[in-house]
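Listed here are the chains, written in short residue letters.
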There are 2 protein chains.
Amino acid sequence: MTTEERIRLQKHLVETIGLEHEKEGMQPVSSRILALLMVMDKECFTFDEIIEELGISKSAASVALKMLQLRNNVEYITFPGDRKRYFRLKRIEPYHIFEESRKKMQRNIENIGKILTLKANPQAPNNHFLNEIKQMMEFFIDSLDHLKESYLKRHNSSNFSS
Amino acid sequence: MTTEERIRLQKHLVETIGLEHEKEGMQPVSSRILALLMVMDKECFTFDEIIEELGISKSAASVALKMLQLRNNVEYITFPGDRKRYFRLKRIEPYHIFEESRKKMQRNIENIGKILTLKANPQAPNNHFLNEIKQMMEFFIDSLDHLKESYLKRHNSSNFSS
DNA sequence: GTTTTAGTTCGTGCAGTTACGAACCAATAA
DNA sequence: TTATTGGTTCGTAACTGCACGAACTAAAAC
């Protein structure tokens, strides 16, 4: 595979992965930027490189990058004597990727709890079902901690560094 | 707590939980319907009861219910000699609540795989990071099966029936 | 065969989002 | 001090998605 061929395929993949992020609720421009940072060989992109590569406006890039930083997906580094920001994927600890699901599930558990306290007959089939779901979620949350431990145990040889 | 008081609180909770589902990407009407079926004491709602209770149009209810059935959140039953559909929560097996996350993660794993095969230098820091994330996701998927087993083992006394 | 019931589909309007360009700001360079 | 660089904020225009009402369909009732 030639270099040109590879770059062509990479740009195509940026589009594909961008679309997939969009389907999962992310905005078009943010999706493309994130995909760009994941797919291309360049480890860091400047603001202008991002604009250039994706053909978007400065304002769109500015807003999207702000959101991606808030969501902990992107960070930037700078170099002395160079005002440019160099954007790259934020290197989180791998088990943090479950934080979002965990919080979501925690809220669900609380909501089902509230629902059940307001029911006239806790023995009704719906309530039995809701209680089962709640227990499954609680079990899942408990398991995440265990999962983290097991993962760290398996991968303690390869240390993570930001 | 009087019955009226309880019903008032339940209706308020429908709104709260509806809003929360909205924040997680579900459409307003679908969110309200789902919340209604979860919160209220009535185990089944007819089409007209849903419309009446939520103050929405027939078309909005029709579209939303179709989506909720597609997503496996809602089902309906009928009774002989009665053309009405009685909608209720779909009683899935509790460990199925992870199916969506599992599929999403599976797609992510495939995407990262594609990304890595197209990289010029697989040893670059970004790629090392992506690989760690991929491994964490694979570990999570593997663990879901284990989770299901453990859950079934703990709860084998209380059988699930549709 | 006509009417009623129980919902579905279609076309439209409104509201919310998104991305753009222009104006702006802050820091460095000249 | 003015100009340039690097990015942000604001106002606007275009687009998108959602919910409504009206028209429609299919099945049962009469």
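Small disclaimer: the values here were computed from a predicted structure and weren't measured. (Residues numbered from 1 in each chain as written. Chains lettered and ligands numbered in written order. Predicted model: local features only at pLDDT ≥ 70, side-chain atom pairs only at ≥ 80, totals over all residues. Heavy atoms only, no water.)

1. Observations regarding the overall build of chain A
Phase 1: When its secondary structure is counted, chain A shows six helices and three strands.
Phase 2: The C-alpha radius of gyration computed for chain A amounts to 22 Å, which surpasses the reference 15 Å derived for 162 residues by more than 25%, pointing to a less compact arrangement than a globule.
Phase 3: Projected onto its principal axes, the C-alpha coordinates of chain A cover approximately 65 × 40 × 40 Å.
Phase 4: Every one of the 162 residues in chain A was classed for burial, and the buried ones make up 42%.
Phase 5: Contacts spanning at least 24 positions in sequence make up 48% of the contacts within chain A whose residues lie at least 6 apart.
Phase 6: Approximately 9300 Å² of chain A is accessible, and the part contributed by carbon and sulfur atoms is 50%.
Phase 7: Side-chain charges in chain A split into 25 positive and 23 negative, and the spacing between the mean points of these groups amounts to 4 Å. (Helix = DSSP H or I, 4+ residues; strand = E, 2+ residues; numbered from the N terminus. Rg over C-alpha atoms; globule rule 2.2 N^0.38 Å. Buried < 20%, exposed > 50% of the residue type's maximum accessible area, 1.4 Å probe, protein only. Contact = heavy atoms within 4.5 Å. Areas by Shrake-Rupley, 256 points an atom, 1.4 Å probe, with all protein chains shown as cover. Lys, Arg positive; Asp, Glu negative; His and termini not counted. Charge placed at Lys NZ, Arg CZ, Asp CG, Glu CD.)

2. Here's the deal with the sheet that holds strand β2 (residues 74–79) of chain A
All names here are of chain A.
Phase 1: Pairing is antiparallel across the open sheet formed by three strands, whose spatial order is β1-β3-β2. Every interior strand has two partners, whereas the edge strands, β1 (45–46) and β2, have only one.
Phase 2: Sheet analysis places β1 next to strand β3 (residues 82–89), joined by two bridges and oriented antiparallel. From the neighbouring strand, F45 faces β3, where its bridge partner is F87. (Pairing = 2+ DSSP bridges.)

3. Observations regarding the domain arrangement of chain A
The parts lose accessible area when they come together, and the size of an interface is often stated as this lost area.
Phase 1: We note that the domain assignment places domain 1 (3–89) and domain 2 (94–154) within chain A.
Phase 2: Summarising the inter-unit geometry, the C-alpha centres of domain 1 of chain A and domain 2 of chain A are found 34 Å apart. (Domains from an automatic or database assignment.)

4. Overview of the sheet that holds strand β1 (residues 45–46) of chain B
All names here are of chain B.
Phase 1: Reading across from one edge, β1-β3-β2 is the order of the three strands in this open sheet, with antiparallel pairing throughout. Two strands bound the open sheet, and with one partner strand each, they are β1 and β2 (74–79).
Phase 2: Against the sheet, helix α2 (residues 28–39) touches β1, β2 and β3 (82–89), its axis set at about 85° to β3. (Axes fitted to C-alpha atoms, helices over the stretch in contact; angles between N-to-C directions.)

5. Points about the interface of chain A and chain B
Phase 1: The interface of chain A with chain B comprises 55 residues on the first partner and 55 residues on the second.
Phase 2: Of the roughly 5200 Å² buried where chain A meets chain B, counting both sides, 66% is carbon and sulfur surface.
Phase 3: Where chain A packs against chain B, one counts four salt bridges.
Phase 4: One salt bridge connects E20(A) with R107(B), and the closest N-O pair in it is separated by 3.6 Å.
Phase 5: One can count 20 residue pairs in polar contact (both at pLDDT 80 or more) joining chain A with chain B.
Phase 6: Elements that contribute at least two residues to the side of chain A that touches chain B include exactly α1 (3–23), α2 (28–39), α5 (99–117) and α6 (125–154) of chain A.
Phase 7: Considering every element that reaches the side of chain A that touches chain B, the biggest residue donor is α6(A), with 17 residues.
Phase 8: Taken together, the residues of the side of chain A that touches chain B break down into 32 nonpolar, nine polar and 14 charged. (Buried area = accessible area lost by both parts, 1.4 Å probe. Salt bridge = Lys/Arg side-chain N within 4 Å of Asp/Glu carboxyl O. Polar contact = N/O pair within 3.5 Å; in protein donor to acceptor, adjacent residues only side chain to side chain. Nonpolar A, V, L, I, M, F, W, Y, C, P; charged D, E, K, R; others polar.)

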